[in-house]
Amino acid sequence: MRMLTALLAVAVGATIISGMVTVYRDVPEQLGREFRAYGANLLLLPSNDSSTFNAENLDKVPELIKNYELVGIAPFLYERLEINKQYILTGGTDFEQLQKVSPYWQIKGNYPKKGEREILVGSNLAQILSPYETEEIIGKKIGISAGEGTAIRQYTVTGIISTGGKEEDFAFMYLDDLQQIANKPNAVSLARLSVVADAVALKAVEDSIKDNIPEIMPQPVQQIAISEFNVLGKLQVLVLLVTIIVMALTLICVSTTMMAVVTERRKEIGLHKALGASNKNIVYEFLGEGCLLGAVGGLIGSGLGYLFAEFVSVQVFGRSITFSVSVAILSILLSLVITGIASLIPVKIAINVDPAIVLRGE
Amino acid sequence: MALLELKDVSMIYNGKVKALENINLTVSKGEWLAIMGPSGSGKTTLMNIIGCMDHATSGEINLDGISLMDVNNEELTSVRRDKIGMVFQQFHLVPYLTALENVMVAQYYHSIPDADEALAALKRVGLEDRASHLPSQLSGGEQQRVCIARALINYPVLILADEPTGNLDEANQNLVMKIFHQLHDEGHTIITVTHSPDVGKEAEHCVVIEHGHIKNAEVS
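This one's a predicted model, so the numbers in the text were calculated from it and none came from an experiment. (Residues numbered from 1 in each chain as written. Chains lettered and ligands numbered in written order. Predicted model: local features only at pLDDT ≥ 70, side-chain atom pairs only at ≥ 80, totals over all residues. Heavy atoms only, no water.)

Participant: In this structure, what is going on with the overall build of chain B? I would like to understand it.
Facilitator: Secondary structure summary: chain B contains seven helices and 10 strands in total. Rg of the C-alpha trace for chain B: 17 Å, near the compact-globule value of 17 Å for 220 residues, within the 12% margin. Referenced to the eigenvectors of the C-alpha coordinate spread, the extents of chain B come out at roughly 50 × 35 × 35 Å. Residue pairs at least 24 apart in sequence account for 68% of intrachain contacts in chain B once pairs closer than 6 positions are excluded. (Helix = DSSP H or I, 4+ residues; strand = E, 2+ residues; numbered from the N terminus. Rg over C-alpha atoms; globule rule 2.2 N^0.38 Å. Contact = heavy atoms within 4.5 Å.)

Participant: What is the right way to look at the pattern of salt bridges in this model?
Facilitator: A pair can form between side chains of opposite charge whenever their charged atoms are brought close. Residues and elements named next belong to chain B. The full count for this structure, using the stated rule, is 13 salt bridges over all chains. Between glutamate 186 and arginine 124 there is a salt bridge, and its shortest N-O distance comes to 2.2 Å. Here the residue glutamate 186 occupies a position in the loop between helix H6 (170–185) and strand E8 (189–194), and arginine 124 occupies one in helix H4 (residues 115–124), the gap between them amounting to 62 residues. Classification of glutamate 186 as partly exposed rests on a relative accessible area of 48%. One salt bridge connects lysine 201 with aspartate 198, and the closest N-O pair in it is separated by 3.8 Å. (Salt bridge = Lys/Arg side-chain N within 4 Å of Asp/Glu carboxyl O. Buried < 20%, exposed > 50% of the residue type's maximum accessible area, 1.4 Å probe, protein only.)

Participant: Looking at this structure, I do not really get the sheet that holds strand E5 (residues 66–67) of chain B. What am I missing?
Facilitator: Two strands in a sheet stick together by hydrogen bonds in their backbones, pointing the same way (parallel) or opposite ways (antiparallel). All names here are of chain B. Read from one edge to the other, the open sheet built from four strands follows the order E2-E1-E4-E5, with strand pairing classed as antiparallel. The open sheet has two edge strands, strand E2 (17–28) and E5, and neither has a second partner. Its contacts with the sheet place helix H1 (residues 43–50) against strand E1 (2–13), E2 and strand E4 (58–63), and it is angled at close to 125 degrees to E1. (Pairing = 2+ DSSP bridges. Axes fitted to C-alpha atoms, helices over the stretch in contact; angles between N-to-C directions.)

Participant: Can you walk me through helix H5 (residues 140–152) of chain B in this structure?
Facilitator: Note: α-helices contain 3.6 residues per turn, so residues at a spacing of three or four share the same orientation. With 13 residues, H5 of chain B should reach 18 Å at 1.5 Å per residue; the first-to-last C-alpha distance of 19 Å fits that figure. The element H5 of chain B is largely enclosed, with a buried count of 12 among its 13 residues. Every buried residue of H5 of chain B is accounted for by Gly141, Glu142, Gln143, Gln144, Arg145, Val146, Cys147, Ile148, Ala149, Arg150, Ala151 and Leu152 of chain B. Those residues of H5 of chain B that are buried lie in contact with helix H8 (266–274) of chain A together with strand E6 (84–87), helix H3 (99–110), H4, strand E7 (158–162) and H6 of chain B. (Expected span 1.5 Å × (residues − 1).)

Participant: What exactly am I supposed to notice about the layout of surface pockets here?
Facilitator: Any space left empty among the atoms is revealed by the rolling of a water-sized probe across them. Counted as a void, the largest pocket has a volume near 410 Å³. Looking at the lining of the largest pocket residue by residue, the class counts come to seven nonpolar, six polar and six charged. (1 Å grid on protein atoms, 1.4 Å probe; cavity = no way out; pocket = protein on both sides within 12 Å on 5 of 7 lines; lining within 4 Å. Points joined across faces, edges and corners; volume = space filled by probe spheres on them. Nonpolar A, V, L, I, M, F, W, Y, C, P; charged D, E, K, R; others polar.)

Participant: What am I meant to see in the interface of chain A and chain B here?
Facilitator: As a measure of interface size, the accessible area lost when the parts come together is often cited. Between chain A and chain B, the contact holds 20 residues from the first and 18 residues from the second. Taken over both partners, the interface formed by chain A and chain B buries close to 1,800 Å², and the fraction arising from carbon and sulfur atoms is 61%. Our enumeration of links across chain A and chain B arrives at five residue pairs in polar contact (both at pLDDT 80 or more). The greatest single-element share of the side of chain A that touches chain B, amounting to six residues, is contributed by H8 of chain A. Of the residues that constitute the side of chain A that touches chain B, the class distribution is eight nonpolar, five polar and seven charged. (Buried area = accessible area lost by both parts, 1.4 Å probe. Polar contact = N/O pair within 3.5 Å; in protein donor to acceptor, adjacent residues only side chain to side chain.)

Participant: Help me understand the pairing of strand E9 (residues 171–174) of chain A, please; the structure alone is not making it clear to me.
Facilitator: Along any regular strand the residues' side chains alternate between the sheet's two faces. Residue and element names in this part refer to chain A. Inspection of the sheet shows strand E4 (residues 86–93) paired to E9 by four bridges, in the parallel sense. Opposite glycine 92, over in E9, you have methionine 173 as the bridge partner. In this structure, strand E6 (residues 118–122) lies alongside E9, joined through two bridges in antiparallel fashion. Each residue of the ladder has a partner; that of valine 121, found in E9, is alanine 171.

Participant: Sorry, what's going on with the nonpolar core here?
Facilitator: In a soluble, globular protein the nonpolar side chains are often hidden away together inside. Ranked by internal contacts, the top residues of the largest apolar core, which has 88 residues, are Ile35, Ile50 and Phe180 of chain B. Excluding residues that lie within four positions of it along the chain, phenylalanine 180 of chain B makes contacts with Trp32, Val87, Ile148, Ile159, Ala161, Pro164 and Ile190 of chain B. Phe53, Leu129, Leu178 and Val205 of chain A belong to the second largest nonpolar core, which has 40 residues in total. (Core = buried A, V, L, I, M, F, W, Y, C linked by side-chain atoms within 4.5 Å.)

Participant: Please explain the domain arrangement of chain A as it appears in this structure.
Facilitator: Splitting chain A by domain gives domain 1 (2–32 + 230–360) and domain 2 (40–220). One C-alpha centre belongs to domain 1 of chain A, the other to domain 2 of chain A, and the line joining them spans 56 Å. (Domains from an automatic or database assignment.)

Participant: Whenever I open this one, the packing of aromatic side chains confuses me. Can you help?
Facilitator: The geometry of two aromatic rings is summed up by the distance between their centres and the angle between their planes. Residues and elements named next belong to chain A. According to the stated counting rule, one finds 10 aromatic pairs over all chains in the structure shown. With a centroid separation of 5.8 Å and an interplanar angle of 5 degrees, the aromatic rings of phenylalanine 76 and tyrosine 78 are classed as stacked. Side by side, phenylalanine 76 and tyrosine 78 carry an identical accessibility label, which is buried. Taken together, a centroid distance of 6.2 Å and an interplanar angle of 50 degrees make the contact between phenylalanine 170 and phenylalanine 172 tilted. The residues phenylalanine 170 and phenylalanine 172 share a single accessibility class, namely buried. An aromatic cluster is defined as three or more aromatic residues linked by ring pairs; in this entry it consists of Phe76, Tyr78, Trp105, Phe170 and Phe172. (Phe/Tyr/Trp six-rings, centres within 6.5 Å; stacked < 30°, edge-to-face > 60°.)

Participant: What's the story with the packing of helix H9 (residues 279–317) of chain A against helix H11 (residues 344–351) of chain A in this structure? I'm lost.
Facilitator: Helix-helix packing is characterised by the crossing angle of the two axes and by the distance between the axes. Residues and elements named next belong to chain A. It is at 9 Å that the axes of H9 and H11 come closest, and there the two elements cross at 145 degrees. Here H9 and H11 pass one another in a crossing that is right-handed. Across the interface between the two elements, Asn279, Ile282, Val283, Phe286 and Leu287 from H9 touch Val347, Ala350 and Ile351 from H11. Classifying every residue of the contact of H9 with H11 by side-chain character gives seven nonpolar, one polar and no charged. (Left-handed = near helix turned anticlockwise from the far one by under 90°.)

Participant: In this structure, what is going on with unusual backbone geometry? I would like to understand it.
Facilitator: Phi is mostly negative for residues that are not glycine, and the peptide bonds are mostly trans. Residue and element names in this part refer to chain B. Although it is not a glycine, asparagine 14 adopts a positive phi angle of roughly 55 degrees. On the secondary structure map, asparagine 14 appears in the loop between E1 and E2. Even without being glycine, tyrosine 155 reaches a positive phi, approximately 50 degrees. With respect to the element layout, tyrosine 155 can be found in the loop between H5 and E7. Look at tyrosine 155 and you get exposed, because its relative accessible area is 60%.

Structure (structure tokens):
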């Protein structure tokens, strides 16, 4: 019964350790995916003095970073266009990619359709263009040109965007349209790249792009990277603390139980010594029992720990996790080490049992 | 020829409590000696020393050519394992092991457990049909016979019995003493420690110990 209690303690300890390590191992990836909702984590800028680079360079990027999960890559060309007689900074982009890279952009109305001469306006710009009833701008046509003396084209406003940033002062249309109006074929001012990667992987992505596409200078979005780093750092400390506390509690529980077992079996130990058991025999027997306890408890715990981690991952991130053999082995080894250390004091008590107790009839 | 020889053996606890003082004793091969005495006389201390479970404070002790005063604790364990078979008043059988397994425990620490040999030892004490029984399923006399079988399994040079009939009724006492007589007749060297004159007189020789001294030695 006492050994069953000790086994339960080891199994619970191993479950929590294995679960925490599995969650911790998987969290950077899961969290990285969550962070992708807060925008791109890499900006691709022109490397030379030029204000733009050739958009064809972006076609090489997916192949270069094929080992990482690419969420999206949205190109942007920024030009000052004359809209309703006012010069407005206008962005040309790929709206399909934009929705992947910046899912936090909120839109009233709809995104423009390709080839339909449609445009989005920022919420601040909408107020300038339609000061009294802002939303009435949706569906209206506005005249757009590259400047004085150039042709005016009519574009339909399909929506108003809110980002909480300076984009609210801009207008956005399809990249092809803007390149045509500005007469800058294939030109791109920058691209926003969103990739599922931790700090190390992001650096590798950055280096790979820098090394293979000289025209592009990648630059990590520091705010996102720092936030991610901070959250992961705090999580790491939390996991470490919980693991240490659980290990200490398991150690105390196993050690106390083993001491009770030794006290209970004192007469039996004395008998074994009277029959000729050496101290080495006693050490092997109790350490063996401790290690067996650790191995079985660790094995049970690593299985239950995986189920625990799976439950946490599904509940928190809505994603399943894969079983890790290395985490299972680590849990079993840690359980063995804990039970080994926990057995030291009980073993010491056992080897100090005087065989003569069997003669005294105690 | 002396199998066991004690010369001026003393045991003093904490430098002042004299449990044994200048004990001189010789036990020949094949001899059956009874050590008698009242409670607190020093019988258990002497038994611990002869049974290689404790070192005497001073004197000389020789068992089968080995000077017990010159060996360390580890070697003393080895002498106990190889030379002595112990029979206890309270039997001390492991409750969750069968009679056969209890006999094999002693084999395990000595050499290699051998079920056939252990069964033969049980047969010798008339318990071959009780080999698979747990101690709780055996009578006191049967448990003591298992204890004797366990003491014999490693072919010891000395059988040391501590109050071997102390927990038995008369019928079982007679049965156990009969086995001791058989062992003595076969040439085994036996030392029984007892406070019972009836058990003491069964032995070939008897010494009485009082206040840590051998009071007298007599031949029955």
